[in-house]
Amino acid sequence: MGTYRINEIFYSLQGEGVRVGTPALFVRFSGCNQACTAATVGFDCDTDHTAAKEMTLAKIIVDLRSAGPRCEWVVLTGGEPALQVDRELIDGLHEAGYRLAIETNGSIELPAGLDWITVSPKMPEDRIRQRTVDEVKYVLTAGQPLPASTIQADHYLISPAFREGQLDPETLSWCLRLVQDNPPWRLSVQLHKLLGIR
Ligand code: SF4
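Residues numbered from 1 in each chain as written. Predicted model: local features only at pLDDT ≥ 70, side-chain atom pairs only at ≥ 80, totals over all residues. Heavy atoms only, no water.

**Some details on the overall build of the protein**
The helix and strand inventory of the protein stands at five helices and 11 strands. In terms of C-alpha radius of gyration, the protein reaches 16 Å, essentially the compact-globule figure of 16 Å for 198 residues. Projected onto its principal axes, the C-alpha coordinates of the protein cover approximately 50 × 35 × 30 Å. Among the 198 residues that make up the protein, the fraction classed as buried is 50%. Within the protein, residue pairs in contact and separated by at least 24 positions form 56% of the contacts whose partners lie at least 6 positions apart. A total of about 9,700 Å² of accessible surface is found on the protein, and carbon and sulfur atoms cover 51% of it. Each charge class in the protein can be summarised by its mean position, and for the 19 positive and 25 negative side chains these summaries are 2 Å apart. (Helix = DSSP H or I, 4+ residues; strand = E, 2+ residues; numbered from the N terminus. Rg over C-alpha atoms; globule rule 2.2 N^0.38 Å. Buried < 20%, exposed > 50% of the residue type's maximum accessible area, 1.4 Å probe, protein only. Contact = heavy atoms within 4.5 Å. Areas by Shrake-Rupley, 256 points an atom, 1.4 Å probe, with all protein chains shown as cover. Lys, Arg positive; Asp, Glu negative; His and termini not counted. Charge placed at Lys NZ, Arg CZ, Asp CG, Glu CD.)

**Examining the environment of Glu 170**
In this fold, Glu 170 is placed in helix α4 (residues 169–181). Owing to a relative accessible area of 57%, Glu 170 belongs among the exposed residues under this scheme. The sequence separation of Glu 170 and Gly 143 amounts to 27 residues, and the corresponding C-alpha distance is 9.1 Å.

As structure tokens, this is what we get:
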């Protein structure tokens, strides 16, 4: 049995997207294949995902059980979880009784079997390999245009970027205008950052 490089496992609420507010266990995978900065995508990556513990699937399940014993949903996040998520992990977590959501930048095609897929592109869409998803979420700052998305999704979301933990009024106003001018795009605010929870 292999191991996975895990940054942290914790219990919280889904902080953004269509499923916002749903209690969820989070498995944060260590490492990413992007290095987002204000110069490349309009905002600096504010997720600390570099520290890692090597964990077996069995150990991940033990830690999930102790973090949130009654929780149904597990969110696989990062970093970039698609670098590590495989069928063994998906099948093992399903057998343990969990439903699985994933938050990915879309640069790697995912294995089958996930229950909810969120792609938040951090590159031009012609480099996105996960083409069919539940929701697409663009994180934008003031002045950034909305790409004409060709990803097949049930929900299209615009998320105003936070800067140093704050929601900049100019960015919020820009995103509100984009949503109003571009149906079916909808606004998704990062509730966990507004509430100061992780
Ligand atoms: S893709 Fe996400 S986790 Fe990776 S560097 Fe960009 S913002 Fe950070």
